[in-house]
Amino acid sequence: MLPGIEEDLSEGYEIEEEPSLVWKLNENNNRIRGTEDGIDAVRQAIFCILNTERYECIIYSWEYGVELKDLFGEPLSYILPELKRRIEDALTQDDRIASVRDFVFDTSQRGAVNAIFTVETIYGETQAEKEVII
């Protein structure tokens, strides 16, 4: 700002929220068809974030994705709290996601942990899950 000018730059402007419109991914048949907005767009973002290893794809910023690869071979006593922390960190980078809570871990399948949790978004709550090979 120039010296002596003390105007509020936001005065006279209305701030609008942009739509979260994205291309609709169909994971079952590997096709993109149509668009999604609102809670469906956030569900798709959750899917994409949790299936992108952080720091591996140079097209994404270092805030995008989740770090899971180094959990392989670690004991469950380390994996479970760390998985919770990492999923929360990865998802709350998205401004539409307020919190991640109510984690339930299923360790009944040998060599894998299935995390089921609730994601609170600006559009409402949704359930999500992520299976991690350990």
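See above for the structure.
Analysis parameters
- Residues numbered from 1 in each chain as written.
- Predicted model: local features only at pLDDT ≥ 70, side-chain atom pairs only at ≥ 80, totals over all residues.
- Heavy atoms only, no water.
- Helix = DSSP H or I, 4+ residues; strand = E, 2+ residues; numbered from the N terminus.
- Expected span 1.5 Å × (residues − 1).
- Contact = heavy atoms within 4.5 Å.
- Salt bridge = Lys/Arg side-chain N within 4 Å of Asp/Glu carboxyl O.
- Buried < 20%, exposed > 50% of the residue type's maximum accessible area, 1.4 Å probe, protein only.

Draft legend 1. Quick look at helix α2 (residues 76–91). Between its terminal C-alpha atoms α2 stretches 22 Å, which fits the 22 Å expected from 16 residues at 1.5 Å a residue. Looking at the buried positions of α2, the neighbouring elements they touch are α1 (39–50), β3 (97–106), β4 (112–121) and β5 (124–133).

Draft legend 2. Structural detail: the pattern of salt bridges. A complete count under the given rule lists twelve salt bridges for this structure. For Glu 67, the salt bridge goes to Arg 54, with nearest N and O atoms at 3.8 Å. Of this pair, Glu 67 sits in the loop between α1 and α2 while Arg 54 is found in the loop between α1 and α2, placing the two residues 13 residues apart along the sequence. According to the relative accessible area criterion, Glu 67 is partly exposed, its value standing at 27%. The shortest N-O distance in the salt bridge between Glu 82 and Arg 85 comes to 2.5 Å. Pair noted here: Glu 82 and Arg 85 are both in helix α2, with a separation of three residues, about one helical turn. The exposure class of Arg 85 is partly exposed, given its relative accessible area of 43%.

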